[in-house]
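Take a look at the letters that make up each chain.
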Amino acid sequence: MGEIENMIDRIRQGDKVTLSKLITKMENDPELRKEVIKRIYGCPVKGKIICFTGPPGVGKSTLIDHVISILTERGKKVGVILVDPRSPYTGGSLLGDRIRMQRHATNPNVFIRSISCADNPEGISRSVKDILKVMGLSGMDYIIVETVGTGQIAVEVSYICHTTVLVLMPNMGDDIQMMKAGIIESADIYVINKSDIGGADLTEAYLKDNVEPRNGWEPPIIRTVGYNRATVIPLIEKIEEHLKYENPMYMEKIKGLLKTMFLDYIDDLACRFLEKESKFEEFVDKVANCGCDYYTAVEELYDIFKKEVICRDKKD
Amino acid sequence: MRKRILIAKVGLDGHDRGAKVVARALKNAGFEVIYTGIRQSPEQVVETAIQEDVSLIGLSCLSGAHIPLFKKVIELMKEKGVDIPVFCGGTIPPGDVEILKKMGMKEVFGPGAPLKLIVEKVKKWVK
Ligand code: B12
Ligand SMILES: Nc1nc2c(ncn2[C@@H]2O[C@H](COP(=O)(O)OP(=O)(O)OP(=O)(O)O)[C@@H](O)[C@H]2O)c(=O)[nH]1
Ligand SMILES: [Mg+2]
C-alpha cells in the first residue's frame, strides 16, 4: 500500500497526472477507495465545494465555464467534476459537459474531470463523495460539481457541498412544480438561466412564492444569460457571500451526509455479500414461484448475513 | 472497469459529423466516451486526455492538416511523459496512411469506414 501513500503525497504537491490516475483507480475499485479514505481521513481540506444542479439542458455547464474564468482571473485554483449519465442498457456514456469549458483545458490552475453515473436519482455517483475528498488535498481553492440533470429529489448534493446552486430556466412548468418537495427546498442560490428567451418574470414570481429563508439565509434568485459573462458576476458574488455565511445548522448538515454515507456503505456490504451468497438466487426463485413472500426471504438472508459476515469478522 | 476513450477534433476543421458518429458508436458499445468538441489545439487534446485519464485517443480531421496536427499531439505526449495509444480518422488520402502509422497511429479509418469495424478494433485494444 506504499503506492497509495506515494500517490497522495504527489497529489498534495499538485501533481495532476497522479490525481487523475488515482480518481480512475477509485472509480474502478471500491476496496482501494476505502483504503484511500482511511488514509486521508481528517486531513484539512482547503477547497470550497460548490454544486450546480438542475434539470437537463438549463445551462449548468455554460455557467460553470464563466465561473471558472472569473475565479481563475482572481488567481484561484479550480477543480471541476462533471457528472453525466451512464446508459443502464450498455454501460456506455457520452461525457459531454466538458465541451462547454474546453478553453480552460490547458490552464494550469484548472483541473476538469468527467465522471459517469449509473441510474441514481441523486445525480451524483457514490464515488464522487470520496473523489471530492481527494481533490480537496490538491490545493484547489474551489471545487465545482455539476450533477446529472436531476429530477426532483436530488437533495443529497446539498449535503456534500458548501453551496448548492439550483439552475432553472423560464417556461419549465407552473407553480405546482415549484411547490413539490425536494431540491427546491434545499438550494442556497437559485438561478434563472436563459432569461433571454422570455418568461423569466413568471418563473421568478413562482420561485419567490416558494423559496423561504432558512436559518438566517435568504436564498437569492439571480437571472443569467449563458452567453453573457457579465450576468454571471452577481452569481459569483452571491456564492462568495454564501460561503462566508455561517450556517447554524452546519453540524446537522454534516450528520445528514454522514448518514447517507453510512447507508451507502451498508448497502455496498450487503450487495457484495449477496453476490457471493448462493442462497440469494435460491430465495429469488422461491419467491418468484410463490414459495414464500419476499419479506420472509430477506429475513432469512439477513440471518445468514449476521451469522456469516458479522460473526466471522469478529473472530478475525 | 470503466473504459474511457477521448474523441477529439484538432485544428480549425469544423466537420464534426464523423467524430460524433464514432463517439456514439463507441458509447453504444459500452465505452465511456469523452468528446472535446471542435477546434481543439493539440495542447488541449493532450491536457484533456491526461485529466480524463483515458486509455485511448481518437483524433478526427477532415481539413487536410492531419499530418502536422496529429504529429504535434504525439510529440506533446512524449514531452509530458504520457503514453496513450492513438488512432484516427477523417478524409485521409491513402498515401498518408503509412506516414501516420509510422508516426504511431494504431489504425487509420477513412471516409466510409464501417462503425462495426471501428468498434471491434477498439474492443481489442481497450480491455
Ligand atoms: C458534410 C461536409 C461538410 C459540412 C460539414 C457538416 C458537419 N457539421 O460536419 C459542411 C457543409 C459544413 C462543410 C463545410 C466545408 N467543407 Co466539407 N465536406 C463534407 C463532406 C461532403 C462529408 C463529410 C461527412 O460529414 N461525412 C460523413 C461522416 C460520417 O464521415 P467522415 O467524417 O468521413 O467520418 C468517417 C471516417 O472518416 C471515420 N472517421 C472520421 N473521424 C474519425 C475519428 C476517429 C477516431 C475514427 C476512428 C474514425 C473517424 O469514421 C467515420 C465513419 O465512417 C466531405 C466530403 C467527403 N466525402 O468526406 C466534405 C469535405 C470534408 N469538405 C471539404 C471542404 C473543403 C469544406 C469547406 C472548407 C468548404 C468551403 N470552402 O467552405 C468547408 C469548411 C467547414 C469547416 N468549418 O471546417 C473538403 C476537405 C478537403 C480536404 N480534406 O482537403 C471535403 C473532403 C470535400 C472535398 N472533396 O473537397 N463540409
Ligand atoms: N438561449 C439561451 N441558451 C443558453 C443559455 N445558456 C446556455 N444555453 C444553451 O443551452 C444548451 C445547454 O447548455 P448546457 O450548459 O450544456 O446545459 P446543462 O444544464 O449543462 O445540460 P446537461 O449537462 O445536459 O444537463 C446549449 O446549447 C447552450 O448553448 C442562455 O442563457 N440562453
Ligand atoms: Mg452540462
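Each remark here, short or long, concerns the structure printed above.
Peer 1: Is there a simple way to explain the coordination of the magnesium ion (ligand 3) in this structure?
Peer 2: Ideal geometry at a metal centre gives angles of 109.5 degrees when four donors are arranged tetrahedrally and 90 or 180 degrees when six donors are arranged octahedrally. Residue and element names in this part refer to chain A. Protein coordination at the magnesium ion (ligand 3): the donors are Ser61 (OG), Asp97 (OD) and Glu146 (OE), at 2.1 Å from the metal. Here the donor residues for the magnesium ion (ligand 3) map to a single chain with the spacing S-x35-D-x48-E. Within this pair, whereas Ser61 is found in helix α4 (residues 60–73), its partner Asp97 is found in the loop between β3 (93–95) and β4 (110–117), the two being separated by 36 residues in sequence. Owing to a relative accessible area of 7%, Ser61 belongs among the buried residues under this scheme. Here Asp97 falls in the buried class, since its relative accessible area comes to 10%.

Peer 1: It is not clear to me how the site of ligand 2 should be interpreted in this structure. Could you clarify?
Peer 2: All names here are of chain A. Around ligand 2, 17 residues are found, and the nearest of them are Ser61, Thr62, Asp97, Arg100 and Gly226. Between Arg100 and ligand 2, the recorded distance is 2.6 Å, taken from a side-chain N or O atom to an oxygen atom. Here an oxygen atom of ligand 2 sits 2.5 Å away from a polar atom, N or O, in the main chain of Gly226. When each cavity is represented as a set of grid points, ligand 2 is found to reside in the second largest pocket.

Peer 1: Can you help me understand the coordination of the cobalt atom of ligand 1 in this one?
Peer 2: Protein coordination of the cobalt atom of ligand 1 is limited to a single donor, B:His15 (NE2), positioned at 2.1 Å. Structurally, the position occupied by B:His15 is in the loop between β1 (4–9) and α1 (17–28).

Peer 1: Help me understand the layout of surface pockets, please; the structure alone is not making it clear to me.
Peer 2: The probe, sized like a water molecule, is rolled over the atoms to show the empty space still left. All names here are of chain A. Reported here for the largest pocket is a volume of approximately 1300 Å³. Forming the boundary of the largest pocket are 36 residues, of which Ile37, Asp130, Lys133, Leu258 and Met261 lie nearest the centre. When contributions to the lining of the largest pocket are tallied by element, the ones reaching two or more residues are α3 (30–40), β1 (48–53), α5 (126–136), α6 (156–160) and α10 (250–276). Per-element tally for the lining of the largest pocket: the top contributor is α10, with 12 residues. Here the residues of the lining of the largest pocket are counted per class, giving 20 nonpolar, 3 polar and 13 charged.

Peer 1: How should I be thinking about the pattern of salt bridges in this particular structure?
Peer 2: Side-chain pairing between opposite charges can occur once the charged atoms of the two side chains come close. In this structure the tally under the stated criterion is 28 salt bridges over all chains. In this structure, A:Asp264 and A:Lys129 form a salt bridge, with 2.9 Å as the shortest nitrogen-oxygen distance. Of this pair, A:Asp264 sits in helix α10 while A:Lys129 sits in helix α5, and the two are 135 residues apart along the sequence. Of the two residues, A:Asp264 and A:Lys129, both sit in the buried class. For B:Glu107, the salt bridge goes to B:Lys121, with nearest N and O atoms at 3.6 Å. In this pair, B:Glu107 is assigned in strand β5 (residues 105–109) and B:Lys121 in helix α5 (residues 115–125), connecting sequence segments 14 residues apart. Under the relative-accessibility criterion, B:Glu107 is labelled buried at 16%. The exposure class assigned to B:Lys121 is partly exposed, which follows from its relative accessible area of 27%.

Peer 1: Teacher, can you tell me more about the side chain of B:Glu107 here?
Peer 2: A distance of 3.1 Å separates a polar atom in the side chain of B:Glu107 from a polar atom in the side chain of B:Lys101. Apart from the residues within four sequence positions on either side, B:Glu107 is in contact with B:Phe87, B:Cys88, B:Lys101, B:Lys121 and B:Trp125.

Peer 1: Mind showing me how you'd approach the sheet that holds β4(A) here?
Peer 2: Strand pairing within a sheet occurs via backbone hydrogen bonds; the two strands may be parallel or antiparallel. Residues and elements named next belong to chain A. Here we have 7 strands laid out as an open sheet, ordered β4-β2-β5-β1-β6-β7-β8, and parallel in their pairing. The strands lining the two open edges of the sheet, one partner per strand, are β4 and β8 (221–223). Adjacent strand axes in the sheet meet at a mean angle of 20°, parallel and antiparallel pairs treated alike. Strand direction decides the pairing type here: strand β7 (residues 189–192) and β8, joined by 3 bridges, are parallel. Note that in β8 the partner of Val191 across the bridge is Ile222. Packed on one face of the sheet, α4 meets β1, β2 (78–85), β4, β5 (142–146), β6 (163–168) and β7 and runs near 170° to β5.

Peer 1: In this structure, what is going on with the site of ligand 1? I would like to understand it.
Peer 2: Residue and element names in this part refer to chain B. Gly14, His15, Asp16, Ser60 and Ala113 are the nearest of the 24 residues found near ligand 1. Between ligand 1 and the protein, one listed contact pairs an oxygen atom with a backbone N or O atom of Arg17 at 3.2 Å. Ala113 is positioned such that a nitrogen or oxygen atom in its backbone is 2.7 Å from an oxygen atom of ligand 1. Among the elements that make up the shell around ligand 1, the one with the highest residue count is strand β4 (residues 86–90) (4 residues).

Peer 1: What am I meant to see in the sheet that holds β4(B) here?
Peer 2: Strand order in the open sheet made by the 6 strands is β3(A)-β2(B)-β1(B)-β3(B)-β4(B)-β5(B), with parallel pairing throughout. Every other strand in the sheet has two partners, leaving β3 of chain A together with β5 of chain B as the edge strands with one partner each. Adjacent strand axes in the sheet meet at a mean angle of 20° when their direction is disregarded. Summarising the sheet, β1(B) and strand β3 (residues 56–61) of chain B pair through 5 bridges and their orientation is parallel. Looking across to β3(B), one finds that B:Ala8 is bridged to B:Leu59.

Peer 1: Explanation requested: the nonpolar core in the structure shown.
Peer 2: For soluble globular proteins, the rule of thumb is that nonpolar side chains tend to be buried together. Residue and element names in this part refer to chain A. By size, the foremost hydrophobic cluster in this structure holds 32 residues, and its most contacted members are Leu19, Leu22, Met26, Val36, Leu132, Val134 and Met135. Breaking this core down by element, the ones donating at least two residues are α1 (2–12), α2 (16–28), α3, β1, β2, β4, α5 and β5. The leading source of residues in this core is α5, at 5 residues. Leave out the neighbours within four places in its chain, and Leu132 touches Ile49, Ile81, Ile143, Val145 and Ile160. Membership of the second largest hydrophobic core comes to 30 residues, among which are Ile64, Ile112, Met169 and Ile222.

How each quantity is defined
Numbering of residues starts from 1 in every chain and runs along the sequence as written. Key to labels: chains lettered from A, ligands numbered from 1, both in the order written. At least 70 in pLDDT is required for a residue's local features to be given in this predicted model, at least 80 for side-chain atom pairs to be given and counted, and no such filter applies to totals for whole chains, interfaces and linings, which use all residues. Hydrogens and water are ignored here; the side-chain numbers use all heavy atoms of the structure. Because no water is among the atoms considered, metal sites can look incomplete, with donors defined as N, O and S atoms within 2.8 Å of the metal, or 3.2 Å for Na, K and Ca. Per the convention used, a helix needs a DSSP run of H or I reaching at least four residues, while a strand needs a run of E reaching at least two, with both numbered from the N terminus. In this scheme, a residue with accessible area under 20% of its type's maximum is buried, one over 50% is exposed, and one in between is partly exposed, where area comes from a 1.4 Å probe on protein chains only. Note on definitions. A residue lies near a molecule or strand when any single heavy atom of the residue is within 4 Å of it. Polar contact is defined as a pair of N or O atoms within 3.5 Å, subject to the rule that within protein one atom must be able to donate a hydrogen and the other to accept it, and that residues adjacent in sequence are counted only when both atoms are side-chain atoms. Using a 1 Å grid laid over the protein atoms alone, points where a 1.4 Å probe fits but cannot get out form a cavity; open sets with protein on both sides within 12 Å along at least 5 of 7 lines form a pocket; any residue with an atom within 4 Å of a point counts as lining. A molecule is said to be in a cavity or pocket once over half of its atoms fall within 2 Å of that pocket's grid points. Grid points are joined across faces, edges and corners, and a volume is the space filled by probe spheres set on the points. Gly is placed with the polar residues, together with every amino acid not listed as nonpolar (Ala, Val, Leu, Ile, Met, Phe, Trp, Tyr, Cys and Pro) or charged (Asp, Glu, Lys and Arg). Think of a salt bridge as a Lys or Arg side-chain nitrogen and an Asp or Glu carboxyl oxygen that are within 4 Å of each other. Contacts are assigned to residue pairs that have any heavy atoms within 4.5 Å of one another. Strand pairing is assigned whenever DSSP identifies at least 2 bridges connecting the two strands. All axes here are fitted lines through C-alpha atoms, helices being fitted over the stretch that makes contact, and every angle between N-to-C directions spans 0 to 180 degrees. For this analysis, a nonpolar core means a set of buried residues of the types Ala, Val, Leu, Ile, Met, Phe, Trp, Tyr and Cys, connected via side-chain atoms within 4.5 Å.

Geometric descriptors of this kind do not, in isolation, establish any biological role.
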